[in-house]
Amino acid sequence: HFVYFARDRELIYNHPFLKIQRFEGAQIMYSWEQLEPEKGQYNFSIIQEDFDYLLSHGKKLFIQLQDATFNPKDVGIPAYLLTEEFDGGSTPQFNDDGVTEGWVAKRWNSNVQNRFALLLQALGNKFDGKVEGINLQESAVGVNSEIDTTFTPERYTESLKINMRALKKAFPNSTTMQYANFMPGEWLP
């Protein structure tokens, strides 16, 4: 069992779970933006810090990699992706009332996919076999294909498969997961 701390990574310090044997470790969320502040320049210091702290208490780390947000003011991906080369890199997510509720990286854009695969590879080079596992963010996205005409449910499904293969290639020894809940295009009437 892992205790989920979301983005509140500082809460692991002196947390009671550290003394409870049935908890193997903590799952902590890290955004792409945090890990690649500039194109090709990776900074995994916060992951290393959390890993070292947990290890010192006999606990393991499970990484949740974020490429989407649930805050309209937080895009969550590196600024260099927000360019024409990456078709803006991100698109807004909308709730059922059509209100912007956050952003999602254009997982279906091949240039964005390539940069994401490079991030995964760099993470795997550093942490594969050390961390318990890593998971990609949930599959549900509230993308409007009228606003982002490059998006289709079919293209999105294929992009998740591409990203999952890149994840497993980067982490052959640690557990890899894709949080799968709803898929665009499968809504009930």
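Keep in mind the model is a prediction, meaning the values are calculated, not measured. (Residues numbered from 1 in each chain as written. Predicted model: local features only at pLDDT ≥ 70, side-chain atom pairs only at ≥ 80, totals over all residues. Heavy atoms only, no water.)

Give a detailed account of the overall build of the chain, specifying residues and quantitative values.
Of regular secondary structure, the chain possesses 4 helices and 7 strands. Helices and strands in the chain line up, N terminus first, as β-β-α-α-β-β-β-α-β-α-β. Per-residue burial for the chain yields a buried fraction of 47% across its 189 residues. Put simply, of all contacts in the chain between residues at least 6 apart along the chain, 70% involve residues at least 24 apart. (Helix = DSSP H or I, 4+ residues; strand = E, 2+ residues; numbered from the N terminus. Buried < 20%, exposed > 50% of the residue type's maximum accessible area, 1.4 Å probe, protein only. Contact = heavy atoms within 4.5 Å.)

Any details on empty space enclosed by the protein? Residues and values, ideally.
In the structure shown here, the tally under the stated rule is 1 cavity of 30 Å³ or more. Estimates place the volume of the largest cavity at around 50 Å³. Residue lining of the largest cavity: Asp67, Arg107, Phe116, Leu136, Gln137, Leu160, Asn163 and Gln178, and that is the complete set. Taken together, the residues of the lining of the largest cavity sort by class into 3 nonpolar, 3 polar and 2 charged. (1 Å grid on protein atoms, 1.4 Å probe; cavity = no way out; pocket = protein on both sides within 12 Å on 5 of 7 lines; lining within 4 Å. Points joined across faces, edges and corners; volume = space filled by probe spheres on them. Nonpolar A, V, L, I, M, F, W, Y, C, P; charged D, E, K, R; others polar.)

An account of the pattern of salt bridges is requested, with residue identities and associated values reported.
The full count for this structure, using the stated rule, is 11 salt bridges. Among the salt bridges present, the one from Asp74 reaches Arg7, with a minimum N-O distance of 3.2 Å. Placement of the pair is Asp74 in the loop between strand E3 (60-66) and strand E4 (90-94) and Arg7 in the loop between strand E1 (2-4) and strand E2 (25-31), with a sequence separation of 67 residues. Between Glu36 and Arg115 there is a salt bridge; the shortest N-O distance is 2.9 Å. Taken together, the residues Glu36 in the loop between helix H1 (32-35) and helix H2 (45-56) and Arg115 in helix H3 (residues 110-127) connect sequence positions 79 residues apart. Judged by relative accessible area, which is 12%, Arg115 ranks as buried. (Salt bridge = Lys/Arg side-chain N within 4 Å of Asp/Glu carboxyl O.)

Can you break down H2 residue by residue, with the values?
Over its 12 residues, H2 runs 16 Å from end to end, which matches the ideal 16 Å to within 8%, given 1.5 Å per residue. The set of residues buried in H2 consists of Ile46, Ile47, Asp50, Phe51, Tyr53 and Leu54. Each buried residue of H2 lies within a common arc of 165° when the element is viewed along its axis, so the set occupies one face. Exposed side of H2, more than 90 degrees from the buried face: Leu55 and Ser56 are the residues found there. Those residues of H2 that are buried are in contact with E2, H1, E3 and H3. Two residues or fewer past H2, Gly58 is found with a positive phi of approximately 70°. (Expected span 1.5 Å × (residues − 1). Arc of directions from axis to C-beta.)

An account of unusual backbone geometry is requested, with residue identities and associated values reported.
In this model, Ala6 sits at a positive phi of 50°, which is unusual for a non-glycine residue. Among the structural elements, Ala6 can be located in the loop between E1 and E2. The phi angle at Asn14 is positive, at roughly 60°, despite the residue not being glycine. Inspection of the secondary structure puts Asn14 in the loop between E1 and E2.

Residues and numbers for the sheet that holds E3, please.
Strand order across the open sheet formed by 5 strands is E1-E2-E3-E6-E7, with parallel pairing between neighbours. Edge positions in the sheet fall to E1 and strand E7 (175-178), since each has one partner strand and no second. Pairwise comparison of adjacent strand axes, ignoring direction, gives a mean angle of 25° for this sheet. Taken together, the 4 bridges between E3 and strand E6 (residues 133-136) define a ladder with parallel strand orientation. Across the sheet, the residue bridging to Gln64 is Asn135, located in E6. Against the sheet, H3 touches E3 and E6, its axis set at about 170° to E3. On the sheet, helix H4 (residues 153-170) packs against E6 and E7 and is oriented at approximately 170° with respect to E7. (Pairing = 2+ DSSP bridges. Axes fitted to C-alpha atoms, helices over the stretch in contact; angles between N-to-C directions.)

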